[in-house]
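# Breakdown of the fold
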Amino acid sequence: MSRPLRHGELVILVDSKGRQYLVTLDEDAQFHSHTGYFDHAELIGQEEGATVRSSTGARYTVMRPTLADFVLRMPRGAQVIYPKDLGAILVLADIFPGARVLEAGVGSGACSLALVRAGAEVVGYEIRPEFAQRARANVATYLGEAASARFRVHERDIYAGIDERGLDRLVLDLPEPWLVVKHAEVALRPGGIFVAYTPSITQVAQLRESLAESCFELAETVEVLARTWHVEGQAVRPDHRMVAHTGFLTSARLLGPVPGGLKAARVPR
Ligand code: SAH
């Protein structure tokens, strides 16, 4: 289906060396780089994959950014969750269209983008107003106003409690997720899923202890290692460098209350 590029759209420009630039098309603007310039107007009305030449003859190819392209280049306040972990979060938390998800903290909105894009109805708790604002702006920029209606951010501290009830999923990226376990027990519906991203293994240990003493069951912790490969003729091997660590993902399912849950069956009273 033909979908020509329009004024106001976000695009990625790729140069002959594979360098990528995130640009908002503006019919009155020019793109400038060390290789000269060209008018955005040359791209408006074209399809993805079109190429333009700059004033010095350098070639640029245009395409719409993927969610991963945008997350890695969007304006950030807080550190973002990387695409490799975003993919895993969507599956671990079993995000589905219409799922009622509570997310905290919201930070720059990378995880929010993935959740809203997957069709969830997201309520975010974020203590820092400037981050809440940044996340709203990033979600609106990439997903547009219609999808942003499924993303509401409250400037508040999740450690103090959760007002929502009957939530399907809870997705956390904050320093002390174990302080949320008690609130999650009443805010999630039975069968609801809890997922927390934590950079440090000591955070995992403390969280797992809290989960073990709660109505949550089936707790698991995983880390996602993504190793890219260099593929060139007969030289086919892993790249020398990789992002070796981002964070651990801990998930659990609300299957209480005891008695009747798996824990009750294992530990007779
Ligand atoms: N997942 C986000 C990044 C979150 S960074 C992304 O992918 O873009 C962690 C965020 O948690 C910070 O913005 C911080 O302000 C927020 N935060 C820390 N403690 C909090 C609390 N108790 N309640 C709500 N937000 C909190």
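The following paragraphs examine the structure supplied in this document. Worth saying up front: this structure is predicted, and the values here are computed from it rather than measured.

## Observations regarding unusual backbone geometry
- The omega angle of the peptide bond from A104 to G105 is -20°, so this bond is cis rather than trans.
- Along the chain, G105 falls in the loop between β7 (100-104) and α3 (110-117).
- Of note in this structure, D94 is not a glycine but carries a positive phi near 50°.
- On the secondary structure map, D94 appears in the loop between α2 (83-92) and β7.
- Note on D94: relative accessible area 40%, which makes it partly exposed.
- At L218, a residue that is not glycine, the phi angle is positive and equals roughly 55°.
- Within the element layout of this structure, L218 appears in strand β12 (residues 216-223).

## Things to note about the site of the ligand
- Of all residues adjacent to the ligand, which total 23 residues, the nearest are E126, F131, D157, I158 and D173.
- Between the ligand and C111 there is a distance of 3.2 Å, counted from an oxygen atom to a backbone nitrogen or oxygen.
- Between the ligand and the protein, one listed contact pairs a nitrogen atom with a backbone N or O atom of I158 at 3.1 Å.
- Across the shell around the ligand, the residue classes tally to 13 nonpolar, 5 polar and 5 charged.

## Topic: the pairing of strand β15 (residues 248-254)
- The element β15 is largely enclosed, with a buried count of 6 among its 7 residues.
- Note that strand β11 (residues 188-198) and β15 share 6 bridges and pair antiparallel. Residue pairing across strands places Y197 opposite L249, the latter belonging to β15.

Conventions adopted
Residues numbered from 1 in each chain as written. Predicted model: local features only at pLDDT ≥ 70, side-chain atom pairs only at ≥ 80, totals over all residues. Heavy atoms only, no water. Helix = DSSP H or I, 4+ residues; strand = E, 2+ residues; numbered from the N terminus. Buried < 20%, exposed > 50% of the residue type's maximum accessible area, 1.4 Å probe, protein only. Near = heavy atom within 4 Å. Polar contact = N/O pair within 3.5 Å; in protein donor to acceptor, adjacent residues only side chain to side chain. Nonpolar A, V, L, I, M, F, W, Y, C, P; charged D, E, K, R; others polar. Pairing = 2+ DSSP bridges.

None of this, on its own, says anything about what the molecule does.
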